[in-house]
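Coordinate inspection notes
One-letter residues, chain by chain:
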Amino acid sequence: MALKVGLALGGGASRGLAHLGVIQALTEAKIPIDIVTGASVGGVIGAIYAAHPDIDRAIKNVAAFLESDDYNQTRLDFIKESEQQNKGYFAQIKRWVTTGYFFAISTTRSSFISRATFDSNLSHLIPKIQIEECPIPLGLVATNLLTGQMTEFTAGDLMASVLASAAIPGVFPSITINGLEYVDGSWVEPLPVKLARKIGADFVIAVDVAPKMGTEEEDLADLTGWDVQLRAAEASRLKLKNHCLLEADFSIKVDLMDIHWADFSRLDECVKRGRAAGFKAIEAIEQQLRTKRFKRFFGLG
């Protein structure tokens, strides 16, 4: 019996565009992708591919969408420009707080970007089908806003599940499904490796597109209490993600930390780096797959 290969895709906002390049490399090398799971932007890319397993078509569709008039990037551009003026994620947050802009938005609305814009943007990429209709079995994770627990979506409305998995707290609105509120799944399960196994994967490849802290150059002596809280939260999520990576059979890391998380204008570069990282890993993946097949054939695990 052939091994079922699962692909677990992590979060990272615009850096998650590199998942497209990784998938492209794996498919060109004829590494099977039998199951896909994703959190946050990994859930978006995973859903696009699982719903229509043609990676070249997926890349073209994403490129066309990002260049279209329908793509509403005004607020994301504001975030990106903030960092260009003040390098570093924490410096950018500090600028928002200092100008009062961030608090003005967060105290009058539930999110930086409206549900209507969120829905409209993703509707160009995600078909209106049920998860179980995807040609490739798909699993998505989201965070239950009431309990703080992870919820797995392996059936049900594809669009609603993708929105829930990708709803970055404060940036995108929480998503209601069956009366429950959900936000970005990467806050509790940055890389859904266990879900891939639960669906049936024998060998899981995890893809991490944000392998480090947001910045390592900031002068820690100048951090405010707010800055410290943000950095500590980031450290906690990094630790959680590394724990998830230990559960995978193989991991592909694509370092895109020099690309702003809200800069979706660098699709080509993200895909190129993801593709390069994917091809670099092919030989090792093939070797590990051969070893696992050998062990299974002889009943060694």
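Procedures and definitions
Residues numbered from 1 in each chain as written. Predicted model: local features only at pLDDT ≥ 70, side-chain atom pairs only at ≥ 80, totals over all residues. Heavy atoms only, no water. Helix = DSSP H or I, 4+ residues; strand = E, 2+ residues; numbered from the N terminus. Contact = heavy atoms within 4.5 Å. Areas by Shrake-Rupley, 256 points an atom, 1.4 Å probe, with all protein chains shown as cover. pLDDT = per-residue confidence, 0-100. Patch = residues over 30% accessible without salt bridge, like charges linked within 9 Å, V, L, I, M, F, W, Y side chains within 5 Å. Salt bridge = Lys/Arg side-chain N within 4 Å of Asp/Glu carboxyl O. Buried < 20%, exposed > 50% of the residue type's maximum accessible area, 1.4 Å probe, protein only.

The protein goes by PNPLA domain-containing protein in an unreviewed UniProt entry.

1. Here we look at the overall build of the protein
Summing up its helical and strand segments, the protein has 11 helices and 8 strands in all. Look at the contacts in the protein between residues 6 or more apart in sequence, and 76% of them connect residues 24 or more apart. Split by element, the accessible area of the protein, about 14,200 Å² in all, is 53% carbon and sulfur.

2. Section: the side chain of H19
Topologically, H19 is positioned in helix α1 (residues 18-28). Excluding residues within four positions of it along the chain, H19 makes contact with L9, G10, G42, I45, V207 and V209.

3. Considerations on the confidence of the model for the protein
Within the protein, residue pLDDT values average 85, and 81% of them lie at 70 or more. In this model, residues 82-90 is a region of pLDDT below 50 whose contacts with residues beyond four sequence positions or in other chains number 18 contacts. Note on residues 96-103: pLDDT is under 50 here. Beyond four places in sequence and across chains, it has 10 contacts.

4. Concerning a nonpolar patch on the surface
On the surface, F294, F297, F298 and L300 cluster together into a nonpolar patch covering about 510 Å² of accessible area. On the secondary structure map, L300 appears in the segment after α11 (267-297). A relative accessible area of 57% places L300 in the exposed class.

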